[in-house]
Amino acid sequence: MSTSKLKRTILKFFSLFSAVRGYNILVLIVAQYLAAIFIFSPARSLKEVLFDLHLLFLVLASVFVIAGGYIINNFYDSKIDKINRPVKAGLDNFVKQSTKLRLYFILNFIGFLFGVLISWRAALFFAVYIFAIWFYSHKLKMNPILGFVTATILTVLPFFAVFVYFDNFSPIIFVHASFLFLVVMVRELIKDLQNLKGAIVSNYNTFPVVYGERKTKITSIIILTLTILPVSILFSYPSLSYMRYYFYFALIIFFFVGFSLWKSQTRNHYRMLHNILKMLLLIGVLCLIFIDTSLLLDKVIDRLN
């Protein structure tokens, strides 16, 4: 293979990796498995969870369907991305839109098949999820309120699929989910602020476009303040163990984000705050291992034996 062909192949690979948000997909896999091990199935051994074939199918179904969702979202946002993310848009252009559309259908079909391998309920869930992602990208995204609320629901929903699979409806899981929901909602609002210019040019009626930057900031700060409620509830659970320090850290970060958001004026400021919340969520995923450290020790010892 010539150097030019090799270079183009590498660029196409990174273009597809960018289109399917490969980083987010990797985080999703880690998050689903850590949640399965330490939250949804605490009574099961590490080996049982890791070698659970149906859980693997569930994770793979989520991965393929969400990757397809990123592609269709990228397809509809190609115009707005040229304004908001010119470097990313340039990289994405190394793969034709027709190729991305074919890949979108292939990924969704594979994801749906993995759902079928689990159960008809799982297949139905992923079929509805595929439609919901498309409908969000095609219509709901341009609605000022439904847009960011739907985006938040679609982000959190894969975790609900895992806890429904384990049939674990513990109250602490719902409190964790409400915390995650609120943080992701703020992240979506800040992302809309970051993409305000492109939304105006593309006639997207996002929350900041319709209600203005000031009201978007106030709404975000109110939602950040509401995170105190689930955090205070979580502190009452002894099994939270050392993960309570993550929530202390999160509250400090929320104060910083709220204060900085109110002062922010430029797209770079909004991007920084969006990335801070994104990193905070990643740290939260990794900190799941600190929920009930005795449980972690038991699982490790069981694995070694």
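Not measured: the values here are computed from a predicted model. (Residues numbered from 1 in each chain as written. Predicted model: local features only at pLDDT ≥ 70, side-chain atom pairs only at ≥ 80, totals over all residues. Heavy atoms only, no water.)

Q: Help me understand the overall build of the protein chain, please; the structure alone is not making it clear to me.
A: Assigned secondary structure in the protein chain consists of 16 helices and zero strands. Looking at the protein chain as a whole, 47% of its 305 residues are labelled buried. Sequence-distant contacts in the protein chain: of pairs separated by 6 or more residues, those separated by 24 or more amount to 78%. Total accessible area computed for the protein chain in this model is approximately 15,500 Å², and 71% of it derives from carbon and sulfur atoms. (Helix = DSSP H or I, 4+ residues; strand = E, 2+ residues; numbered from the N terminus. Buried < 20%, exposed > 50% of the residue type's maximum accessible area, 1.4 Å probe, protein only. Contact = heavy atoms within 4.5 Å. Areas by Shrake-Rupley, 256 points an atom, 1.4 Å probe, with all protein chains shown as cover.)

Q: Which parts of the structure should I look at to understand the packing of helix H4 (residues 53-76) against helix H7 (residues 97-118)?
A: Relative placement of two packed helices is described by the angle separating their axes and the distance separating the axes. Remark: H4 packs on H7, axes separated minimally by 8 Å, with the N-to-C direction vectors making an angle of 155°. Taken as axis vectors, H4 and H7 run roughly antiparallel relative to one another. As for the relative orientation of H4 and H7, their crossing is left-handed in sense. A class-by-class count of the residues in the contact of H4 with H7 yields 18 nonpolar, seven polar and one charged. (Axes fitted to C-alpha atoms, helices over the stretch in contact; angles between N-to-C directions. Parallel < 35°, antiparallel > 145°, perpendicular 65-115°, else oblique. Left-handed = near helix turned anticlockwise from the far one by under 90°. Nonpolar A, V, L, I, M, F, W, Y, C, P; charged D, E, K, R; others polar.)

Q: Honestly, a nonpolar patch on the surface in this entry has me stumped. Any pointers?
A: Taken together, the side chains of Phe 109, Phe 112, Leu 113 and Val 116 make up a nonpolar region of the molecular surface, amounting to roughly 350 Å² of accessible area. Looking at the element boundaries, Val 116 is found in helix H7. (Patch = residues over 30% accessible without salt bridge, like charges linked within 9 Å, V, L, I, M, F, W, Y side chains within 5 Å. Salt bridge = Lys/Arg side-chain N within 4 Å of Asp/Glu carboxyl O.)

Q: Before we go on, may I ask you to explain the packing of aromatic side chains in this structure?
A: For any two aromatic rings, the description comes down to two numbers: the centre-to-centre distance and the angle of the planes. The tally for this structure, following the rule as stated, stands at 16 aromatic pairs. On the numbers, 5.8 Å between centres and 10° between planes, the contact of Phe 131 with Phe 135 is stacked. With a gap of four residues between them, Phe 131 and Phe 135 both fall in helix H8 (residues 120-138), about one helical turn apart. Three or more aromatic residues joined by ring pairs form one cluster here, namely Phe 179, Tyr 246, Phe 247 and Phe 254. (Phe/Tyr/Trp six-rings, centres within 6.5 Å; stacked < 30°, edge-to-face > 60°.)

Q: When you look at the pattern of salt bridges in this model, what are you seeing that I'm missing?
A: Opposite charge on two side chains allows them to pair when their charged atoms are near. Under the definition given, this model contains two salt bridges. Among the salt bridges present, the one from Glu 188 reaches Arg 187, with a minimum N-O distance of 3.6 Å. Residues Glu 188 and Arg 187 agree in their burial class; the two are buried. Close ionic contact of Lys 191 with Glu 188 constitutes a salt bridge, the shortest N to O distance being 3.5 Å. Placement of both Lys 191 and Glu 188 in helix H10 (residues 171-194) is noted, with a separation of three residues, approximately one turn of the helix. Accessibility expressed as a relative area gives 22% for Lys 191, which makes it partly exposed. What makes Glu 188 buried here is its relative accessible area of 4%.

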